[in-house]
Number of protein chains: 2
Amino acid sequence: MDFHDLATRSGEWLRGNGPESDIVISSRLRLARNLADFPFCNRASDLEKREIEATFRTVSDDLEFGEDLHYLDVDKLDSIDRQFLVERQLISRELATTDGARGVAIALSEDVSLMVNEEDHLRIQVLRSGYSLQACWELGNRIDDLVEDKVRYAFSEEFGYLTACPTNVGTGMRASVMLHLPALAMTKQIDRVFRALQKIQLAVRGLYGEGSQASGDFYQISNNVTLGKTEAEILRNIEVVVPQIVQYERTARTELVKESKQTLHDRVSRAYGILCTAQTISSEETMHLLSSVRMGVNLNLIPDVNVGMINDLFIHTQPAHLQKIEGQPLESEERNIARATYLRRRLTNTSESAN
Amino acid sequence: MDFHDLATRSGEWLRGNGPESDIVISSRLRLARNLADFPFCNRASDLEKREIEATFRTVSDDLEFGEDLHYLDVDKLDSIDRQFLVERQLISRELATTDGARGVAIALSEDVSLMVNEEDHLRIQVLRSGYSLQACWELGNRIDDLVEDKVRYAFSEEFGYLTACPTNVGTGMRASVMLHLPALAMTKQIDRVFRALQKIQLAVRGLYGEGSQASGDFYQISNNVTLGKTEAEILRNIEVVVPQIVQYERTARTELVKESKQTLHDRVSRAYGILCTAQTISSEETMHLLSSVRMGVNLNLIPDVNVGMINDLFIHTQPAHLQKIEGQPLESEERNIARATYLRRRLTNTSESAN
């Protein structure tokens, strides 16, 4: 797996052509699993962790679900490569920063990644463009079955799948959708939506999961509860609520267009102008401006810009991606310059424009 | 004289090709004169003002100095046309807003305007691009002599030319240069320069003269004293100081480029980006951004933009100009939209670019 190649292309989930993709960026499912014959990672010895890792490396090499998996020794990657995989949503920040033998098996289309020795021995992740939770679940469940044919999972008849952290016990499943909600944020309705979600035990996080800020107006909505419900029930709980939030965001956008089209048009157009001309720009400002541009493109206020490219830019302008694209480590100020240069090049390259 | 034609072209003084024109926008000379046989305007009856006006209309029609003058009855113009002439620097705000018979004779190249019944019976104005005070003085002096061949000025052997306001008695001359000093403003050195100017009895004003704000980082420097000095001495007083200020501004620009080129480049480039994409924009923000762009063009930080066009835009984006260009009266919000539309059209019209 060549990191430079990865850096200049995009995963399936960024294509921006899935269902409801003007608002639902991506859907994600992960299953936490552990081997019955080993202690959890936080209790395992170095030797045991190496054995767990070897087990799942072999399993993933032999897994036949229609795509080839590429295995990476995460503990042997340098910090930029690890951060790169985090930015790409292929590994968690925890897998990037923890110690010891660990790895990830990645499908070339980036819709599947199997993390080994993260918090749990195995985390199966399926990521899809747009609103595709069912498709994620079907593929995740199939991979889970294929793995279970080869290993013995830690499983209790009473509790279900056993996990390192009690919050994952039961189904071990976390289902989430990444929503782009700039109009709800702009009209200050977002907090009301979040309070409603918390009441039905759904969690809200930023672009990079737990603890990360909702930069770029991206919000990840996922289940809090894994125990005492079936996978189908957990999915249904999210599936009931996502179309409502999508509808709220659409209504907020329609109202913005109706009540202050000029202001909105001005805002998204200037955001585009700044991204096309800045000579140095922070990651935070980039996310903020790209968010406006993304909404502008979806509302036909900015012509000739491909929403898939805008999705790309959210990821490609992250620190590790920029360093991969430039082929060298860059300090913060150098990254701000490289980011501006990259944005100008992508946004003013006419061969990339149009939908 | 067709106002719509005027609105879409520019006076000689905006061409941006005179001496030191990266910093000295224009040079201006005005002579205040009164007829010996009439009271000053503030004491004259309506009938007397009409007689004064008729006198100078005839004089200006017959004046032979190489250019034809076009006479406008300012009191018969509507308020937009009067404001238009103010924005264009062809008449003063006072002439636009005072009452009674009054007029202006304008040369087609806009370098000469003779205001009749402003504060004084006659004000001869010569306006030139760049640092051209001597040329202004020579032409103004010649016109003054030609007028004096035909009328009898109020003149005292003791005091010199007599004027309505004592501050103009003597030479009746005000010489001024319009300077663009964005780097001195940006580096907060401008106040020090002004304090020094005040000590040597020079006044500092904004783009539209007395009482106007220094928007767009434009500063008009002129003599305070008209009495007890010859015209040559007054000119010399300014001519000693202008090259020094020009040098300060150049040094400030050089230091900005040396110490924070990236920040400066970013600032001017973003200013350009916003002007190219805004959908609605106030006059104040436009002046502010155009000022950055003008400096950027002069420092070669923005390619393919003609500084003469930027000079134009400072004037053409003023309220009355926009209404003339659009051919209809516009409310403030409509003007902001028309301004943004006009800026986008001019700045992204490639046939206008390049120096």
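Starting from 1, residues in each chain are numbered consecutively following that chain's sequence as written. Chain labels run from A onward and ligand labels from 1 onward, assigned in the order the entries are written. Only residues with pLDDT of at least 70 are given local features in this predicted model, and only at 80 or more are side-chain atom pairs given and counted; all residues enter the totals for whole chains, interfaces and linings. By convention in this description, side-chain values take in all heavy atoms of the structure and omit both hydrogens and water.

**Remarks on the relation of the copies chain A and chain B**
Inference 1: It takes a turn of 180° to lay chain A on chain B, together with a shift of 0.1 Å along the axis; the resulting RMSD is 0.0 Å. The operation mapping one copy onto its partner corresponds to a two-fold rotation axis. Taking C-alpha positions as the reference, the residue of chain A nearest the rotation axis is A:Gly273, at 2.3 Å.
Inference 2: Contact definition: two residues touch when any of their heavy atoms are within 4.5 Å. Comparing interface residues between copies, 100% of those in chain A also lie at the interface in chain B; the contact surface is shared. Our superposition of the copies is a least-squares fit, built on the C-alpha atoms of residues whose pLDDT is at least 70 in both.

**Some thoughts on the sheet that holds strand β3 (residues 103-107) of chain A**
Residues and elements named next belong to chain A.
Inference 1: Judged by pairing direction, the sheet is antiparallel, and its eight strands sit side by side in the order β2-β3-β4-β5-β1-β8-β10-β9 without closing on themselves. Every interior strand has two partners, whereas the edge strands, β2 (69-73) and β9 (202-205), have only one. Taken pair by pair, the neighbouring strands of this sheet meet at an average axis angle of 20°, ignoring direction.
Inference 2: With four bridges joining them, β9 and strand β10 (residues 218-223) adopt antiparallel strand pairing. From the neighbouring strand, leucine 202 faces β10, where its bridge partner is asparagine 223.
Inference 3: Axes, fitted as lines to C-alpha atoms, cover a helix only where it is in contact. Angles between the N-to-C directions of the axes lie from 0 to 180 degrees. In this description a helix means any DSSP run of H or I spanning at least four residues, a strand means any run of E spanning at least two, and both kinds are numbered starting from the N terminus. Strand contacts of helix α2 (residues 46-62): β2, β3, β4 (112-116) and β5 (122-129), with the helix running at about 160° to β2, the strand carrying the most contacts. Each pair of strands is called paired provided DSSP finds at least two bridges between the two strands.

**Structural notes on unusual backbone geometry**
Residues and elements named next belong to chain A.
Inference 1: In this structure, lysine 188 takes a positive phi of about 60° despite not being glycine.
Inference 2: Tracing the backbone shows lysine 188 in the loop between α6 (182-186) and α7 (190-199).
Inference 3: Here aspartate 217, not a glycine, exhibits a phi torsion of approximately 60°, which is positive.
Inference 4: Here aspartate 217 shows up in the loop between β9 and β10.

**Regarding the pairing of strand β8 (residues 173-180) of chain B**
All names here are of chain B.
Inference 1: Judged by how many residues are buried, β8 sits mostly within the fold: eight of eight residues are covered.
Inference 2: Only protein chains enter the accessibility calculation, which uses a 1.4 Å probe. A residue is then buried if its area is under 20% of the maximum for its type, exposed if over 50%, and partly exposed in between. Judged by which residues are buried, β8 turns out to be covered on both faces: Met173, Ala175, Val177 and Leu179 on one side and Arg174, Ser176, Met178 and His180 on the other are all buried.
Inference 3: Note that strand β1 (residues 24-33) and β8 share seven bridges and pair antiparallel. Residue pairing for β8: arginine 30 is matched across the bridge by arginine 174.
Inference 4: Looking at chain direction, β8 and strand β10 (residues 218-223) are connected through five bridges and run antiparallel. Across the sheet, methionine 178 pairs through a bridge with glutamine 220, a residue of β10.

**Overview of the sheet that holds strand β5 (residues 122-129) of chain B**
Across a sheet, strands are paired by hydrogen bonds formed along the backbone, either parallel or antiparallel in direction.
All names here are of chain B.
Inference 1: Here we have eight strands laid out as an open sheet, ordered β2-β3-β4-β5-β1-β8-β10-β9, and antiparallel in their pairing. Among the strands making up the open sheet, the edge pair consists of β2 (69-73) and β9 (202-205). Neighbour-to-neighbour, the strand axes of this sheet turn through a mean angle of 20°, independent of strand direction.
Inference 2: Helix α9 (residues 283-298) rests against β1, β8 and β10 of the sheet, and its axis sits at about 75° to β8.

**Describing the packing of aromatic side chains**
The relation between two aromatic rings is expressed through the spacing of the ring centres and the mutual angle of the planes.
Inference 1: Whether two aromatic rings pair depends on their centres lying within 6.5 Å, for rings of Phe, Tyr and Trp, where Trp uses its six-membered ring; planes under 30 degrees apart make the pair stacked, over 60 edge-to-face, and the rest tilted. For the structure shown, the criterion picks out eight aromatic pairs over all chains.
Inference 2: Where A:Phe218 meets A:Phe314, the ring centres are 4.5 Å apart and the plane angle is 80°; that geometry is what we call edge-to-face. One end of the pair, A:Phe218, is in strand β10; the other, A:Phe314, is in helix α10 (residues 307-316), with 96 residues separating them in the sequence.
Inference 3: A residue is classified by how much of its surface remains accessible, and A:Phe314, at 2% relative accessible area, is buried.
Inference 4: Centroid distance B:Tyr153 to B:Tyr161: 5.8 Å. Interplanar angle 80°. Geometry classified as edge-to-face.

**Brief notes about the side chain of B:Arg28**
All names here are of chain B.
Inference 1: Within the secondary structure, arginine 28 is located in strand β1.
Inference 2: His is not counted here, nor are the chain ends, while Lys and Arg score as positive and Asp and Glu score as negative. The term salt bridge refers to a side-chain nitrogen of Lys or Arg lying within 4 Å of a carboxyl oxygen of Asp or Glu. Summary of buried charges: arginine 28 has no salt-bridge partner, and the nearest side chain of opposite charge, glutamate 118, is 7.0 Å away.
Inference 3: Contacts described as polar in this section are N or O atom pairs within 3.5 Å, which, within protein, must combine one atom able to donate a hydrogen with one able to accept it, while residues neighboring in sequence count only if both atoms come from side chains. Reaching out from arginine 28, the side chain makes a polar contact with the side chain of glutamine 125 at a distance of 2.7 Å.
Inference 4: When near neighbours in sequence (up to four residues on either side) are disregarded, arginine 28 contacts Gln125, Val126, Leu127, Leu133, Cys136, Arg174, Ala175, Ser176 and Gln220.

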